[in-house]
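This is what each chain is made of:
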Amino acid sequence: MSLETPWNLLQRLRAEGFCFEAALPGLKEHGLSGEDIGALFGDPTSEMGQWLLAGAGNEPVTLNAVDPPASAELPERRTAKRGVLGWLSGTKAAEGLGLFTEGEIFELNLLQFSVLPEPMRAAVFGDVLPVRLLALNCTAEAATLTVDLDASTGVIQSPRRYALVLEPGAVTLAELPARVCPTTAGVVAVQALFSAEDSRATRRLKFSARPYARPDAAMRNLLVGASFTVATGLSPRLVRSGPTNQGTPDPLRVRVDVTSPLVAPQQEPAFWRLAAL
């Protein structure tokens, strides 16, 4: 066990310019829990409290797709009748990757994407929630899809923004780790938010998907609000009336136990090329 006290460790790392996430391995040696961390950062308005709430910040992490290694655990099929991204006259868009129903796929500026639904599971302070999503560039030119991992302030201590460089016509799978560090018990919801620049490229793949609507601040608070998810056990979906049927993927959720000792697992983001259409 380190001779350095938890508070001294935190002060030193902050002074050296590290984010709070860097302190987790050292804090783990002391057997601290999420409640203990909450007690250490009792004043959220202090400089130390602001350091905790800032997390790793919003500097984007850029990922380029690579072929998955042989050991990669790819998602299992959920249905034999639906395509991966989009709807092509009832035919699977990519054989062997029937992961989604039509309503779970969204399109923004000729880019299609969907977040793999995950069952709610138990976690402790410092656990990593993998956010897995498929993406497809429907044009003949490379494009970038930006993904923001949104949760209550201070909950995600790992990077919160990723720029996924999408190759033309390639189905890709991203695994983005979200380290959840709440100091109070309850259900934590992580919402993936998407953005992409307007595209003037020629559409190469003609099948379309449900238009994506990025939630505004009020809707995001509802989607990731712990009080709502604890009370209902459900994650709401944004659906706007009218023929466009806009929407956004449901949040992913974990129920965090803050009384157990914190953990600090290591998981790097991954971005794999799965198929070419």
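Anything mentioned here points back to the structure above.
Remember, predicted model here, so these are calculated numbers, not experimental data. (Residues numbered from 1 in each chain as written. Predicted model: local features only at pLDDT ≥ 70, side-chain atom pairs only at ≥ 80, totals over all residues. Heavy atoms only, no water.)

**Student:** Kindly report on the pattern of salt bridges, identifying the contributing residues and their values.
**Tutor:** For the structure on display, the rule yields 10 salt bridges. In this structure, glutamate 16 and arginine 12 form a salt bridge, with 3.4 Å as the shortest nitrogen-oxygen distance. When its relative accessible area of 34% is taken as the criterion, arginine 12 is described as partly exposed. With its nearest N and O atoms 2.6 Å apart, the salt bridge here joins arginine 179 to glutamate 21. Here glutamate 21 lies in the loop between α1 (6-15) and α2 (24-29) and arginine 179 lies in strand β8 (residues 170-179), a separation of 158 residues in the sequence. Of the two residues examined, arginine 179 and glutamate 21, each falls in the buried class. (Salt bridge = Lys/Arg side-chain N within 4 Å of Asp/Glu carboxyl O. Buried < 20%, exposed > 50% of the residue type's maximum accessible area, 1.4 Å probe, protein only. Helix = DSSP H or I, 4+ residues; strand = E, 2+ residues; numbered from the N terminus.)

**Student:** Run through the nonpolar core, naming residues and quoting values.
**Tutor:** The biggest cluster of nonpolar side chains holds 36 residues, and the ones touching the most others in it are Leu133, Val147, Leu149, Leu164, Leu176, Val190 and Phe194. Elements that contribute at least two residues to this core include exactly β2 (106-108), β3 (111-115), β5 (128-137), β6 (143-150), β7 (161-166), β8, β9 (186-195) and β11 (252-257). It is β9 that provides the largest number of residues to this core, a total of five residues. Beyond its immediate sequence surroundings of up to four residues, phenylalanine 194 is in contact with Leu108, Phe113, Val115, Leu133, Leu145, Thr146, Val147, Tyr212, Arg214 and Pro249. (Core = buried A, V, L, I, M, F, W, Y, C linked by side-chain atoms within 4.5 Å. Contact = heavy atoms within 4.5 Å.)

**Student:** How would you sum up unusual backbone geometry? Please name residues and give values.
**Tutor:** Phi angles above zero are rare outside glycine, and asparagine 109 is one such case at about 50 degrees. Among the secondary structure elements, asparagine 109 is positioned in the loop between β2 and β3. In this structure, leucine 110 is a non-glycine residue whose phi angle is positive, near 70 degrees. Inspection of the secondary structure puts leucine 110 in the loop between β2 and β3. On the accessibility criterion, leucine 110 (17% relative accessible area) is buried.

**Student:** Which residues make up the side chain of glutamine 112, and what values go with them?
**Tutor:** Tracing the sequence through the fold places glutamine 112 in strand β3. You can call glutamine 112 buried: its relative accessible area is 0%. Among the polar contacts made by the side chain of glutamine 112, one reaches the side chain of glutamate 107 at a distance of 2.8 Å. (Polar contact = N/O pair within 3.5 Å; in protein donor to acceptor, adjacent residues only side chain to side chain.)

**Student:** Can you lay out the sheet that holds β5 for me, pointing to particular residues and giving the numbers?
**Tutor:** Ordered in space as β10-β2-β3-β5-β8-β12, the six strands form an open sheet in which the pairing is mixed. What marks the edges here is a single partner per strand, and that holds for β10 (210-211) and β12 (270-276). Looking at chain direction, β2 and β10 are connected through two bridges and run parallel. Paired with glutamate 107 across the bridge in β10 is proline 211. (Pairing = 2+ DSSP bridges.)

**Student:** Outline the sheet that holds β11, listing residues and values.
**Tutor:** With mixed pairing, the six strands of this open sheet are ordered in space as β1-β7-β6-β9-β11-β4. Here the strands that pair on one side only, and so sit at the sheet edges, are β1 (61-64) and β4 (121-124). Going across the sheet, the axis of each strand differs from the next one's by a mean of 30 degrees, ignoring polarity. Pairing analysis gives four bridges linking β1 to β7, with the strands arranged parallel. Each residue of the ladder has a partner; that of threonine 62, found in β7, is alanine 163. (Axes fitted to C-alpha atoms, helices over the stretch in contact; angles between N-to-C directions.)

Function-wise, these values are silent; they only describe arrangement.
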